[in-house]
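# Topology and contacts: notes
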Amino acid sequence: MTEEIISKTANYIREKLSGESSGHDWWHIYRVWNLGKKIAISEKADLDIVELSCLLHDISDWKFNGGNDNIGPKLAQDWLQKIDVDYKIIYPVCRIIKDISFKGANVKNPLLTLEGKCMQDADRLDAIGAIGIARTFAYGGYSGREIYNPDIKPKRHNSFEEYKKNQSPIINHFYEKLLLLKDKMNTDTGKRLSEERHTFMESFLKQFFNEWEGKI
Ligand code: NI
């Protein structure tokens with residue numbers, strides 16, 4: 001694939017998502033793209049498919065389009081057709097975009113190709129660690145949630161419908177999703193990269209609750 005297709009796509013997404021304030025802005029895409037390249041190289045996956053799916057994966061997230069997870073793949077397809085990308089690339093990229101979103105702790109995700117696994121690991125890594133904490137609070141504020149409320153306990157969601165409707169406090173999101181991601185990483189590279197980020201979130205939560213209780 002030509003460099004040009006990748007850079008045109010990066011520019012298109014950068015323009016589309018710049019200044020977005022919920023943690024799904026261009027810089028999220030930029031970080032996922034970098035992580036995706038790194039993982040794809042060490043896992044020997046097809047770099048073009050991983051790069052394009054990383055760049056296009058949040059083109060229209062169900063969290064912001066009324067819950068329809070078909071819009072993202074359609075927009076990605078329209079864009080790739082417009083810049084004359086081969087169908088052999090378009091099809092797997094759109095498939096990945098449809099398959100990767102997190103649908104609740106107890107909902108089984110579809111089987112992914114190696115490229116899908118790399119892309120999903122990159123996206124999950126950006127959801128944990130220091131960046132993950134920052135993004136979680138940004139999204140929580142954006143969607144009008146409380147920081148924490150000890151009266152509302154975290155829940156494991158059994159269906160995508162249930163997960164989408166969830167309005168629980170921001171801290172609960174760590175227990176409902178973020179702390180589960182380390183064990184859901186697909187690739188060895190992803191697993192290795194998730195360790196330090198996971199430990200950092202655990203120490204953040206420990207500090208948070210110690211402060212909450214006035215212990216320190
Ligand atoms: Ni993402």
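One can find the structure itself at the top, above this paragraph.
To start, this report covers the structure provided alongside it. (Residues numbered from 1 in each chain as written. Predicted model: local features only at pLDDT ≥ 70, side-chain atom pairs only at ≥ 80, totals over all residues. Heavy atoms only, no water.)

Moving on to the coordination of the nickel ion. On the protein side, the nickel ion has His-28 (NE2), His-57 (NE2), Asp-58 (OD) and Asp-123 (OD) as donor atoms, found 2.1 to 2.3 Å from it. The coordination sphere of the nickel ion comprises four donor atoms, whose angles at the metal cover 83 to 165 degrees; the geometry is irregular. Of note, the donors binding the nickel ion are all from one chain and are spaced H-x28-H-D-x64-D. Of this pair, His-28 sits in helix α2 (residues 26-43) while Asp-58 sits in the loop between α3 (47-56) and α4 (71-82), and the two are 30 residues apart along the sequence. Taken individually, His-28 and Asp-58 each receive the classification buried, so the pair is uniform in this respect. (Donors = N, O, S within 2.8 Å, 3.2 Å for Na, K, Ca; no water. Tetrahedral: all angles 85-135°; square planar, octahedral: opposite > 155°, others 65-115°. Helix = DSSP H or I, 4+ residues; strand = E, 2+ residues; numbered from the N terminus. Buried < 20%, exposed > 50% of the residue type's maximum accessible area, 1.4 Å probe, protein only.)

The next subject is the side chain of Thr-187. Here Thr-187 is to be found in the loop between α9 (170-176) and α10 (188-212). Side-chain polar atoms of Thr-187 contact the side chain of Asp-121, separated by 2.7 Å. Aside from chain neighbours lying at most four places away, what touches Thr-187 is Ile-39, Glu-43, Lys-117, Cys-118 and Asp-121. (Polar contact = N/O pair within 3.5 Å; in protein donor to acceptor, adjacent residues only side chain to side chain. Contact = heavy atoms within 4.5 Å.)

Using the criterion set out here, one finds six salt bridges in the structure. The partner of Arg-31 in a salt bridge is Asp-126, and the shortest N-O contact between them spans 2.6 Å. Within this pair, whereas Arg-31 is found in helix α2, its partner Asp-126 is found in the loop between α6 (114-125) and α7 (129-142), the two being separated by 95 residues in sequence. Asp-126 is the partner of Arg-135 in a salt bridge, and the nearest nitrogen-oxygen pair spans 3.5 Å. We note that Arg-135, like Asp-126, is buried. (Salt bridge = Lys/Arg side-chain N within 4 Å of Asp/Glu carboxyl O.)

One finds Leu-56, Leu-80, Val-93 and Phe-174 to be the most contacted residues of the largest nonpolar core, which totals 51 residues. At seven residues, the largest contribution of residues to this core is made by α2. Ignoring anything within four residues of it in the chain, the contact list for Leu-56 reads Thr-9, Ile-13, Ala-76, Trp-79, Leu-80, Val-93 and Ile-97. (Core = buried A, V, L, I, M, F, W, Y, C linked by side-chain atoms within 4.5 Å.)

Here we come to α10. Over its 25 residues, α10 runs 36 Å from end to end, which matches the ideal 36 Å to within 8%, given 1.5 Å per residue. Its axis deflected by about 35 degrees at Glu-195, α10 carries its strongest bend there. On its buried side, α10 packs onto α2, α6, α7 and α9. Two residues or fewer past α10, Gly-214 is found with a positive phi of approximately 70 degrees. (Expected span 1.5 Å × (residues − 1). Bend = angle between axes of the 7 residues up to and from the residue.)

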